[in-house]
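Notes for the structure review
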Amino acid sequence: MDFSFLDIGPDDPIVILTGAGISRESGLDTFRDPDGIWARHDLEEVATPEGFARDPKLVHAFYNARRRGLLDPVIQPNAAHRALARLEREWPGGTMLVTQNIDDLHGRAGSRPVHMHGELLKARCGRCEVVTPCEGDLSPEDRCAACGQTGGMRPDVVWFGEMPMHLDRIYPALGECGLFLSIGTSGTVYPAAGFVQEASVAGRALAVELNLEPSVGATLFDHAFTGPATALVPAFVDALLARR
């Protein structure tokens, strides 16, 4: 792979966006592939505020199963997660790793990700909005440890129709970065799908996509490479760090 076009300076900040594709090689399902999560579940029933209001037990069952799957010892960070953690540690200009994923694999690899869609291993009280760690099952009968009320506990994830988290941090970083790197995303979910334009048009960034197959917005990037994340990402990070 030829990454000789990487002419950004070591003081240029980097923004990285990751999607479900980076965790696929760790054994987690993607969402929008033909055999992905939304092919097997009705997102209107399990991933919307309206669905939760209609049938909280069904929504809790869906996320409880995903939480148990994430905590299976076989699910571990892969080489792509570890390479990004290395980039975060070693890039002089600083990095912001923004993930659409609600898993904790970036954190386990050593990164400090900005979770724009929330975190599966946290729960939020809909009554008082207090967020707490959560590795067990949730149910409508659970009582909030902060306010003492029942019936309000939910996964701390962003459902369809809700505003993504931390946009007040993400957009300024996109406007200031020298490199925008998108990994394992479908390019169909906004606002994340528009980050490339924010960085390369409104900002000044070189935009690069690394994906198993071209995303919907692949033509918006300056360079796009296809292949497994565990091969592309470590090679890209090696090339980038070699230019420091």
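See above for the structure.
Presented here is an overview of the structure given in this document. Given the structure is predicted, the values throughout are model-derived calculations rather than measurements.

**Here we look at the nonpolar core**
Val208, Leu210, Val233, Phe236 and Leu240 are the most contacted members of the largest nonpolar core, which totals 27 residues. Within the residue set of this core, elements represented by two or more residues are strand S1 (14–18), helix H6 (79–90), strand S7 (179–183), strand S8 (206–211) and helix H10 (229–241). The element contributing the most residues to this core is H10, with seven residues. By size, the runner-up hydrophobic cluster in this structure holds 19 residues, among which are Val15, Leu17, Leu167 and Ala205.

**Some words on helix H8 (residues 167–176)**
Three or more residues of H8 are buried, namely Leu167, Ile170, Ala173 and Leu174. Looking straight down H8, one finds that the buried residues subtend no more than 135° of arc, so they occupy a single side. Residues of H8 that are exposed and angled more than 90 degrees away from the buried face: Asp168 and Glu176. Check the buried side of H8 and you find it contacts S1, strand S2 (95–99), strand S3 (114–115), S7 and helix H9 (195–202).

**Some details on the packing of H6 against H10**
The relative placement of two packed helices comes down to the angle between their axes together with the axis-to-axis distance. Where H6 contacts H10, the two axes come as close as 7 Å, and the packing angle between them is 20°. Regarding the angle of H6 to H10, the classification is roughly parallel. Regarding H6 and H10, the two cross each other, and that crossing is left-handed. Contacts between H6 and H10 involve Ala79, Ala80, Ala83, Leu84, Arg86, Leu87 and Glu90 on the former and, on the latter, Ala229, Thr230, Val233, Pro234, Val237, Asp238, Leu240 and Leu241.

**Overview of the packing of H8 against H9**
Look at H8 against H9: their axes get within 8 Å of each other, and the N-to-C directions meet at 40°. Regarding the angle of H8 to H9, the classification is oblique. From H8, Leu167, Ile170, Tyr171 and Leu174 reach across to H9, where they touch Phe195, Glu198 and Ala199. Residues belonging to the contact of H8 with H9 are distributed by class as follows: six nonpolar, no polar and one charged.

**Details of the pairing of S2**
Within a regular strand, side chains alternate between the sheet's two faces. Counting buried positions along S2 gives four out of five residues, so the element sits mostly inside the fold. Pairing between S1 and S2: five bridges, direction parallel. Within S2, the position partnered with valine 15 by the bridge is methionine 96. Pairing of S2 with S3 involves two bridges; the strand directions are parallel. Among the inter-strand pairings, threonine 99 is bridged to a residue of S3, identified as histidine 115.

The rules we used
Residues numbered from 1 in each chain as written. Predicted model: local features only at pLDDT ≥ 70, side-chain atom pairs only at ≥ 80, totals over all residues. Heavy atoms only, no water. Core = buried A, V, L, I, M, F, W, Y, C linked by side-chain atoms within 4.5 Å. Buried < 20%, exposed > 50% of the residue type's maximum accessible area, 1.4 Å probe, protein only. Helix = DSSP H or I, 4+ residues; strand = E, 2+ residues; numbered from the N terminus. Arc of directions from axis to C-beta. Contact = heavy atoms within 4.5 Å. Axes fitted to C-alpha atoms, helices over the stretch in contact; angles between N-to-C directions. Parallel < 35°, antiparallel > 145°, perpendicular 65-115°, else oblique. Left-handed = near helix turned anticlockwise from the far one by under 90°. Nonpolar A, V, L, I, M, F, W, Y, C, P; charged D, E, K, R; others polar. Pairing = 2+ DSSP bridges.

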